[in-house]
Amino acid sequence: MEKSCSLLIHFDKSSQAMANEIKEALEGNDVKAKIDALKKAIMLLLNGESLPQLFVTVFRYVLPSEDHTVQKLLLLYLEIIDKTDVRGRVLPEMILSCQNLRNNLQHPNEYIRGVTLRFLCRLTEPEILEPLVPSVITNLDHRHPFIRRHALLAIAAIYRLPTGEQLLPDTPELIEKALSSDQDLSARRNAFLMLASCAQPRAVAYLLSQADHVANWGDLLQMAALDLIRKVCRANPGEKGKHIKIIVSLLSCPSEAVVYECASTLVSLSSVPTVIRAAANAYCQLLRSQSDNNVKLIVLDRLNELKTSNRAIMVEMIMDVLRALSSPNLDIKRKTLDITLELITSRNIDEVVLTLKKEVVKTQSTELEKNGEYRQMLVQAIHSCAIKFPQVASTVVHLLMDFLGDSNVASAIDVVLFVREIIETNQKLRVLVITRLLDTFYQIRATRVCSCALWIIGEYCLSLSEVESGIATIKQGLGDIPFYTATEEGETADASKKLQQVNSSVTVSSRRPVILADGTYATQSAAFETALSAPTLLPGSLASPGNLGALILSGDFFVGAVIASTLTKLVLRLEKVQPSKAEANKACTDALLIMTSMLQLGQSSFLPHPIDNDSYDRIVLCIRSLCNTGDDARKIWLQSCRRSFAAMLAEKQFQEIGAIKAKTQISYAQPDDLIDFYHLKSRKGMSQLDLEDEVQDDLKRATGEFMKDGDDANKLNRIRQLTGFSDPVYAESFVTVHHYYIVLDVTVINRTKETLQNLCLELATMGDLKLVDRPQNYTLAPESSKQIRANIKFSSTETGVIFGNIVYETSNVHERTVVILNDIHIDIMDYISPATCSDVTFRNMWAEFEWENKLAVNTIIQDEKEFLNHIIKPTNMKCFTPLSVLDGECGFLAANLYAKSVFGEDALFNISVEKQADMKLNGYIRIRSKTQGIALSLGDKITLKQKGSSN
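Residues numbered from 1 in each chain as written. Predicted model: local features only at pLDDT ≥ 70, side-chain atom pairs only at ≥ 80, totals over all residues. Heavy atoms only, no water.

A.B. asks: Just give me the short version of the overall build of the protein, but keep the residues and values in it.
C.D. replies: Scanning the protein for helices and strands turns up 40 helices and 18 strands. Classification of the 951 residues of the protein by burial places 47% in the buried group. (Helix = DSSP H or I, 4+ residues; strand = E, 2+ residues; numbered from the N terminus. Buried < 20%, exposed > 50% of the residue type's maximum accessible area, 1.4 Å probe, protein only.)

A.B. asks: Lay out helix α18 (residues 293-309) in plain terms, naming residues and giving numbers.
C.D. replies: Its 17 residues give α18 an end-to-end C-alpha distance of 25 Å, which sits within 8% of 24 Å, the value for a rise of 1.5 Å per residue. Those residues of α18 that sit buried are K296, V299, L300, L303, L306 and K307. Down the axis of α18, the smallest arc covering the buried residues is 115°, so these residues share one side. Among the exposed residues of α18, those oriented more than 90 degrees off its buried face are N294 and T308. The inward-facing, buried residues of α18 contact α16 (256-269), α17 (273-289), α19 (311-316), α20 (318-322) and α21 (330-341). Here α18 starts with a cap whose side-chain oxygen sits 3.1 Å from the backbone nitrogen of N294, and that cap is D292. (Expected span 1.5 Å × (residues − 1). Arc of directions from axis to C-beta. Contact = heavy atoms within 4.5 Å. Polar contact = N/O pair within 3.5 Å; in protein donor to acceptor, adjacent residues only side chain to side chain.)

A.B. asks: Describe a nonpolar patch on the surface, naming the residues involved and giving the relevant values.
C.D. replies: Nonpolar side chains collect at one region of the surface, where Y740, Y741 and V772 lie side by side and expose about 280 Å² of accessible area between them. On the basis of relative accessibility, which here comes to 40%, the residue Y740 falls in the partly exposed class. (Patch = residues over 30% accessible without salt bridge, like charges linked within 9 Å, V, L, I, M, F, W, Y side chains within 5 Å. Areas by Shrake-Rupley, 256 points an atom, 1.4 Å probe, with all protein chains shown as cover. Salt bridge = Lys/Arg side-chain N within 4 Å of Asp/Glu carboxyl O.)

A.B. asks: Just give me the short version of the environment of T57, but keep the residues and values in it.
C.D. replies: Within the secondary structure, T57 sits in helix α3 (residues 54-62). In this structure the C-alpha to C-alpha distance between T57 and I22, which are 35 residues apart in sequence, comes to 9.9 Å. Excluding its chain neighbours within four sequence positions, the residues that come into contact with T57 are K23, L26, E27 and V62.

A.B. asks: Go over the nonpolar core, please, and point to the residues and values.
C.D. replies: L120, L303 and I456 are the most contacted members of the largest nonpolar core, which has 214 residues in total. Here this core gets eleven residues from one element, more than from any other, and that element is helix α31 (residues 557-577). The next biggest cluster of nonpolar side chains, apart from the first, holds 28 residues, and it includes L722, Y808, I824 and Y831. (Core = buried A, V, L, I, M, F, W, Y, C linked by side-chain atoms within 4.5 Å.)

A.B. asks: Account for the pattern of salt bridges, naming residues and giving values.
C.D. replies: Per the counting criterion, the structure on display carries 29 salt bridges. Among the salt bridges present, the one from D320 reaches R323, with a minimum N-O distance of 4.0 Å. Residue classification places D320 among the buried positions, given a relative accessible area of 18%. Residue class for R323 comes out partly exposed when judged on its relative accessible area of 47%. Via salt bridges that share partners, D227, R230, K231 and E261 belong to a single interconnected network.

A.B. asks: Summarise the packing of helix α28 (residues 464-478) against α31; cite the residues concerned and give the values.
C.D. replies: Running from amino to carboxyl end, α28 crosses α31 at an angle of 150°, the nearest separation of the two axes being 9 Å. With respect to their mutual orientation, α28 and α31 come out roughly antiparallel. In this structure, α28 crosses over α31, and the sense of that crossing is left-handed. Contact residues: L464, V467, E468, G470, I471, I474 and L478 in α28; I563, T566, L567, L570, R573, L574 and V577 in α31. A class-by-class count of the residues in the contact of α28 with α31 yields ten nonpolar, two polar and two charged. (Axes fitted to C-alpha atoms, helices over the stretch in contact; angles between N-to-C directions. Parallel < 35°, antiparallel > 145°, perpendicular 65-115°, else oblique. Left-handed = near helix turned anticlockwise from the far one by under 90°. Nonpolar A, V, L, I, M, F, W, Y, C, P; charged D, E, K, R; others polar.)

A.B. asks: I'd love a proper account of the packing of aromatic side chains, names of residues and values included.
C.D. replies: Within a pair of aromatic rings, the relevant descriptors are the distance that separates the centres and the angle that separates the planes. For the structure on display, the rule yields seven aromatic pairs. Measuring from ring centre to ring centre gives 6.1 Å for Y206 and W217, while their planes differ by 20°; the resulting arrangement is stacked. With a gap of eleven residues between them, Y206 in helix α13 (residues 200-209) and W217 in the loop between α13 and α14 (219-235) connect regions that are remote in the sequence. Accessibility classification places Y206 together with W217 in one group, the buried group. Ring centres of F725 and Y730 lie 5.6 Å apart, and the angle between their planes is 10°; on these two criteria the pair is classed as stacked. Taking relative accessible area as the criterion, Y730 reaches 12% and is therefore assigned buried. Connected via pairs of aromatic rings, a cluster forms that spans F192, Y206 and W217. Its guanidinium or amino end placed over the ring of W217, R188 lies 5.6 Å from that ring's centre, counting from NZ or CZ. (Phe/Tyr/Trp six-rings, centres within 6.5 Å; stacked < 30°, edge-to-face > 60°. Lys NZ or Arg CZ within 6 Å of the ring centre and 35° of its normal.)

A.B. asks: How would you summarise the sheet that holds strand β3 (residues 719-721) if you had to cite specific residues and measurements?
C.D. replies: Ordered in space as β3-β4-β5-β9-β7, the five strands form an open sheet in which the pairing is antiparallel. Each edge of the open sheet carries a strand with a single partner, namely β3 and β7 (769-771). Neighbour-to-neighbour, the strand axes of the sheet open up by a mean angle of 30°, direction not taken into account. Pairing geometry for β3 and strand β4 (residues 729-737), over three bridges, is antiparallel. Counted as the bridge partner of Q721 is E732 from β4. (Pairing = 2+ DSSP bridges.)

A.B. asks: Describe α17, with residues and values.
C.D. replies: Counted at 1.5 Å a residue, the expected span for α17 with its 17 residues is 24 Å, and the 24 Å between its end C-alpha atoms agrees. Residues V275, I276, A278, A279, A280, A282, Y283, C284, L286 and L287 constitute the buried set of α17.

A.B. asks: Lay out the packing of helix α26 (residues 430-440) against α28 in plain terms, naming residues and giving numbers.
C.D. replies: Taken N-terminus to C-terminus, the directions of α26 and α28 make an angle of 20°; their axes are 10 Å apart at the nearest point. One element, α26, and the other, α28, form an angle in the roughly parallel class. In the packing of α26 onto α28, the handedness of the crossing is left-handed. Residues R430, V431, I434 and L438 of α26 form the contact with α28, whose participating residues are E466, S469, G470 and T473. Residue composition of the contact of α26 with α28, by class: three nonpolar, three polar and two charged.

A.B. asks: Any details on the environment of P482? Residues and values, ideally.
C.D. replies: Relative to the assigned elements, P482 resides in the loop between α28 and α29 (489-505). With relative accessibility at 26%, the residue P482 sits in the partly exposed group. Considered as a pair, P482 and T596 are 114 residues apart in the sequence and their alpha carbons are 8.6 Å apart.

A.B. asks: Explain unusual backbone geometry residue by residue, including any values.
C.D. replies: Positive phi, normally seen in glycine, also occurs at E783, with a value near 55°. Structurally, E783 can be placed in the loop between β8 (777-780) and β9 (785-794). For M919, which is not a glycine, the phi torsion comes out positive at approximately 70°. Here M919 is to be found in the loop between β17 (906-915) and β18 (921-929).

A.B. asks: Now, about the pairing of β9: what can you tell me, with residues and values included?
C.D. replies: Bridge count between strand β5 (residues 741-750) and β9: nine bridges; the pairing is antiparallel. By the bridge assignment for β9, L744 is matched with A790. Pairing of β7 with β9 involves three bridges; the strand directions are antiparallel. By the bridge assignment, L771 is partnered in β9 with I792.

A.B. asks: So, the side chain of S451: which residues are in play, and what are the values?
C.D. replies: By the secondary structure assignment, S451 is in helix α27 (residues 447-460). Exposure remark for S451: the relative accessible area of 11% places this residue in the buried category. With residues up to four places along the chain from it excluded, the contact list for S451 reads F558, V559 and V562.

A.B. asks: So, the confidence of the model for the protein: which residues are in play, and what are the values?
C.D. replies: For the protein, mean pLDDT is 79; residues scoring 70 or higher make up 83% of the total. Contacts of residues 486-512 to residues separated by more than four positions or lying in other chains number 51 contacts, the stretch itself having pLDDT below 50. Below a pLDDT of 50 lies the segment residues 523-543, which in the model reaches 59 contacts outside its immediate sequence neighbourhood of four places, other chains included. (pLDDT = per-residue confidence, 0-100.)

As structure tokens, then:
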């Protein structure tokens, strides 16, 4: 029922007698009333009303009006109404309107002429347009540019009609003359586009003749020229050598849009290093000059694509890319760092690290809203640089260790993890790092940072002085011991009151379930940030506790267990390196006193929560180890932990190397491929650029950069049959999912001996899908086919359904025939792609996301790894649990999986399975996401796919 019109307005019909009121208003002499009546009539027509009784009234009373608003509304009315009868002949009234249109085209007012010419662009009836063509051509020479540009548009629209060449036989000559003589930028652009569409060789010849002056054209005309160059070079690659010079000359234009299009065109046309370097320079220039964050993100995406295909050239641009760190937007900073880290070489590592160090220092001096998060990103970037190039670690480790006591806990955790890895991989820095860590240990406040720092102290304090300094540092952090000495009931009551006062300044700990590295759940005592500024007194304490004492007094006995383990390692090592047995025995006695004091505090009634069983058992084990230690136990304490950590780092490095190899492109070649010998080719007529392109193509083939477009089997799987084989019209569709669009390429075949008229593919959607294009009518000859494309936009990752029918008419049957189409279910897997993230990020998201879909394992597969691979393949997930963890046959398997949608939504998986006595797998699959739709859709997908064998 919708009318094809340039104006679409919804109108609520509230009165049945509105047509009569409109007719009376149109017949009157009040201009204002005529305008209101015409608006109502147009809105009624747009919303499905026919209003045949108004046709004659409009032609009789509205057509002669001289008011400009009435004339504009009249043109809209003429655009909407049906101009032909049932047999397709033009109505006589429309022929009568030609005189009025001709008068408008010769009207002294420029506005009337312009809107009339714009109206002619939407007419398709040759009978109406033929008498108006001479007047349209006359307007090409009008003095006002508004009329000239619309006259060119009207000529272009008329020429595109099936009978356009008969109505305007000399159009290319007219357009070329107008292009050469006109001075208005918009008019010249319209003329150039028209010439490129109707006579492309003429447009190319004009462009080449003006090659030296293209840089002085306006941005509109330059964009049209770039569009023509792309079309010509794609159709005939041998012509690109003539046009590259024009594109390069446009790189210095003041218009940023033209510069961006030039750079994109250069990258798409040529792979010559000089051309790619010019495009990269243009992108970096836009990155510096643009203030819009969206533009910067788009430019960074283009630079990322260049990094993939032309890494050697982008390495030279690394410092230009790093200038984008001056933007206050975190997304821009993150994307800039991601690009930079993959371009680091031994030549530029010093400059990059120096820039990152300056940025870290800036985070200390400036008060930005997300300073801590940016500092965390910089620490991670420096960590990556130091692992790849150990020689720079000494220049950054001291700077980063200043942030061990950072208020941003995530940033401090990244720093201490960096220190832990550097001290193992770079033995030359061990002494300096340990010394600096012991000096700054008192600043550490976070539980996880304290735990990791204590582990470093216990493992890497090797000399006598280091061991003694480590023990002294821990004692200083704990404060005076014992932690409480209440003996009588009265004293205990008083101590409880005092402890409650202390708990108001020291944050109370809480116990909560957490997900471990293997995917299983455990209970952990977690303490929130403590207020250590004010001194806190307990019975038996005469001074305020240090950072470790405050954490223990707040109920965090997990740190207490780590302290006990660290003291055990230090005392055992002291017994080995200390020649004086008395000093070693004294250190052992002090350590035992600390551990027993922690156990006494944990079992007292002062704290809201007693010590947990895990921490209690760990501390008791440490006490027993110090009281009676054999050689085997001593080796476990002093050597096994460090060996395990070194093995973990080696596994991590192996995985990174494997990921890099997986990214490398694979070369595909067929046995019957043509061998192209560059040196034997004829160079006649080839420019130097074409020759260089041939060399680059040969190099890419030799290095394996050319990849096969895709698996043919996967393409066949995307074909959906829409109708049956016995239907008179057969239809099938090929579904392609782009970033935010779904493209349906529907093939319609007429299997009858009759001509199908007004064939229309009508589609509808269910879910968060929306049709972009309107259906069009086609005519199908007997046993012929037609390709119909439909674009559908989607806005979420929820599963959608596309359904519809094909409607057509035949000459024998006057009624319309309807063929119902099969439904097309859009697979959510088309929106999701594998992704990677760190363990810390995964656990943070797992704790943050509120939507969880828990599915029971139900499969006939009996092998745990086979079941894991069976789940990974149909869900496009990435298993980032190390392969070494999954090795072995223990009957259990726990793995974490991660993926990301095109909208940036995160999908988290945890698979925990166990092999039962009957060899069947039992367990659960947990899916967590921020939105409900993706969790439910993935759950439905797994429910359908988890049964059966992976074979």
